[in-house]
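Chain residues, written in single-letter form:
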Amino acid sequence: MENLIAAFTSLTGSAPVGVWSAPGRVNLIGEHTDYNDGFCMPFALPHRVLVAAAPRTDRTWRVRSLNNGEVVTFSGEDLVPGMSGWQAYVAGVVWALGEAGHAVDGADLVLTSDVPMGAGLSSSAALECAVLTVLADLNALDIAGIDRAKLARRCENEFVGAPTGLMDQAASTLCTEGHALFFDCRSFETRQVPFDPAEAGLELLVVDTNTPHTHVDGEYAERRRSCDQAAATLGVPALRDITSDGLADALARLDDPIIQRRVRHVVTEDERVLDAVRRLEAGDVAGLAPLLDASHASMRDDFEITVPTVDLAVETARRAGAIGARMTGGGFGGCIIALVPRGEADRVADAVAAAFAEAGHAAPDRFIAAPSAGAGRIA
Ligand code: GLA
C-alpha cells in the first residue's frame, strides 16, 4: 500500500484521496451455469487489485499500472469499444457508466494487482470492479452492488468483447469475508453462505497448473452457443429450466450426443450447487467433497473443458489425500481447488508438483484460499 501511494504521489505531485480494492475469485462450484440462468457459488480471494485515485475535472483518465510500469491517458473521445490491452478494462468501465447514464468525471489512477493473470481467477473482473468502485465513489454515484456487477460485465462483454456471464463480477463485488456467495443468475438473488474450512479441520488448496489458456475464447463461445441451441430446441428460455426430473426426457429430444452431454453437465451442475448450499448451511463442509469430484467428472466428460494437466492435478491431489477436488473457472487450463485435511496442503501440492515434473509439465503454483471481502474502499 505504501508503494502504491508513493507511486501515485510521484505521478501526480499530490496524495490520492483514497485507496480501493476488489478481489479475484475462486468458484467453489457451479461452472458454465451463469450464462444458462443457473446457479453458482464463488468466493472472493485475498488476492486483489488495489487502486489509489484522485479526481480530475477535465474528463481525462490517466492510469498507471505498477505491474508493467505503463502509463496510459485517455479522454471521452477515446471511449470506443474494441480497445485492446489492459487499459480497455479501465476505459470500458468509464464507457459502461456513461452508457448507463451516469456522469463520470476524469481521474488519476495508480493500480497494482496480485491476482494471478490468465489463471482463471478473474483478474479482469477484479480490475473492472476495482475501477468501478473507485469511479462510483469519486462521482458519488448511488449504484446497488448487483448493478455494479452488471456494469462491469457490460465493460467485459461489449467494450472488451469477451462473452462471459455475470459470476466473476458478482463475486468480486458482492462476496463477504468468511462466506461463499450463492448466486441465482436469473433472479439475481444472492445469499451469503458461511464457508469456514478451518472450523471443519480442512483447508481449501488452490493449485495453478500454469497451463496457457490457448483457444479459451473460441471454446467458451462455442459452449455458450451449444447451450443456447439446446435451450431453443427444447423450447425453454434457458437450460436452467430443465430440472433433473426432466433431464431424461430432454436428452431424448436432442439428437446430437455432444449437445446431450453439454445439457447433462449444466443440469446436473445446477443440482450440485443447490446441494452444496444445503450442505454448507447445515455445517457440513466435508459434504462438499463428493460434489467437487462429481463436478470435475462432469466438466471432463460431459462439458469437455478440462485439459490433461488439469485432470492430472485433480487426480494426483485426490490420491495424495484431498477429500475432493475440481477444476475451477472457465476451463482449458487454469486452477484446481482441492479440499484437504488441515496441515496436508503442502503435501498434496508437493505431490502434484512431482507428478507435473515427471510428466514434463511446467511447475504449478499453490496457495491456501480463505473467503475474503468483496470490493470496497480500504483507505
Ligand atoms: C468464466 C466466465 C464466467 C463463467 C465461468 C465458467 O470465468 O467469466 O462468467 O461462465 O467462466 O463458470
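Colleague: What should I look at first to understand the pairing of strand β10 (residues 335–341) in this one?
Modeller: Each regular strand shows side chains that alternate between the opposite faces of the sheet. Taking burial as the measure, the 7 residues of β10 include 6 buried ones, the bulk of the element. Pairing of strand β8 (residues 202–208) with β10 involves 7 bridges; the strand directions are antiparallel. Looking at the pairing, E203 lines up with V340 of β10. Bridge count between strand β9 (residues 324–328) and β10: 5 bridges; the pairing is antiparallel. Among the inter-strand pairings, A325 is bridged to a residue of β10, identified as A338. Counting the residues that bridge the hairpin from β9 to β10 gives 6 residues, and of these G329 lies at a positive phi of roughly 95°.

Colleague: Please clarify how the packing of aromatic side chains should be interpreted in this entry.
Modeller: When we look at a pair of aromatic rings, we describe it by the centre distance and by the angle of the planes. This model, assessed by the stated rule, comprises 6 aromatic pairs. Aromatic side chains F43 and F195 sit 5.5 Å apart centroid to centroid with 45° between the ring planes, which places their arrangement in the tilted category. Taken together, the residues F43 in strand β2 (residues 39–55) and F195 in the loop between β7 (190–194) and β8 connect sequence positions 152 residues apart. Side by side, F43 and F195 carry an identical accessibility label, which is buried. Across from the ring centre of F188, 3.8 Å away, lies the NZ or CZ of K150, which sits over that ring.

Colleague: Teacher, can you tell me more about the site of the ligand here?
Modeller: If you check the shell around the ligand, you find R25, E31, H32, D34, Y35, T164, G165, M167, D168, Y220 and G330 and nothing else. Contact distances for the ligand include 2.5 Å between an oxygen atom and a side-chain N or O atom of D34. One of the side-chain N or O atoms of D168 is found 2.6 Å from an oxygen atom in the ligand. Here the ligand has 310 Å² of accessible area as a free molecule, and 93% of this is covered by the chains. For the shell around the ligand, a count of residues per class yields 3 nonpolar, 4 polar and 4 charged.

Colleague: Could you clarify how one ought to interpret helix α11 (residues 345–359) in this entry?
Modeller: The periodicity of an α-helix, 3.6 residues per turn, causes residues three or four positions apart to be oriented the same way. Compared with an ideal rise of 1.5 Å per residue, which puts 15 residues at 21 Å, α11 spans 21 Å between its outermost C-alpha atoms and is within 8% of the ideal. The set of residues buried in α11 consists of A345, V348, A349, V352, A355 and F356. All buried residues of α11 project into a common sector of 120° when viewed along the axis, lining one side. With respect to the buried face of α11, the exposed residues turned more than 90 degrees away are A357 and E358.

Colleague: Can you walk me through the domain arrangement of the protein in this structure?
Modeller: A common way to express how large an interface is: the accessible area buried when the components associate. Segmentation of the protein into domains returns domain 1 (2–192 + 373–377) and domain 2 (196–368). Each of domain 1 and domain 2 has a C-alpha centre, and these two points are 26 Å apart. At the interface, 32 residues of domain 1 touch 41 residues of domain 2. Across the domain 1/domain 2 interface, buried area totals approximately 3,000 Å², and carbon plus sulfur atoms make up 64% of it. Counting every contact that joins domain 1 to domain 2 gives 4 salt bridges. Viewed at the interface, domain 2 and domain 1 are joined by 19 residue pairs in polar contact (both at pLDDT 80 or more). Taken together, the residues of the side of domain 1 that touches domain 2 break down into 14 nonpolar, 11 polar and 7 charged.

Colleague: Sorry if this is basic, but what is going on with the pattern of salt bridges here?
Modeller: If charged atoms from side chains of opposite charge come close, those side chains can pair. Applying the stated rule across the entire model yields 26 salt bridges. Put simply, R261 and E304 hold a salt bridge, and the shortest N to O gap is 3.0 Å. Placement of R261 in helix α8 (residues 257–281) and of E304 in the loop between α9 (288–301) and α10 (308–319) is noted, with a sequence separation of 43 residues between them. E269 serves as the salt-bridge partner of R326, at 3.7 Å between the closest nitrogen and oxygen. Placement of R326 in strand β9 and of E269 in helix α8 is noted, with a sequence separation of 57 residues between them. Like R326, the residue E269 is buried in the burial classification.

What counts, and where the lines are drawn
- Residues numbered from 1 in each chain as written.
- Predicted model: local features only at pLDDT ≥ 70, side-chain atom pairs only at ≥ 80, totals over all residues.
- Heavy atoms only, no water.
- Buried < 20%, exposed > 50% of the residue type's maximum accessible area, 1.4 Å probe, protein only.
- Helix = DSSP H or I, 4+ residues; strand = E, 2+ residues; numbered from the N terminus.
- Pairing = 2+ DSSP bridges.
- Phe/Tyr/Trp six-rings, centres within 6.5 Å; stacked < 30°, edge-to-face > 60°.
- Lys NZ or Arg CZ within 6 Å of the ring centre and 35° of its normal.
- Near = heavy atom within 4 Å.
- Polar contact = N/O pair within 3.5 Å; in protein donor to acceptor, adjacent residues only side chain to side chain.
- Areas by Shrake-Rupley, 256 points an atom, 1.4 Å probe, with all protein chains shown as cover.
- Nonpolar A, V, L, I, M, F, W, Y, C, P; charged D, E, K, R; others polar.
- Expected span 1.5 Å × (residues − 1).
- Arc of directions from axis to C-beta.
- Domains from an automatic or database assignment.
- Contact = heavy atoms within 4.5 Å.
- Buried area = accessible area lost by both parts, 1.4 Å probe.
- Salt bridge = Lys/Arg side-chain N within 4 Å of Asp/Glu carboxyl O.

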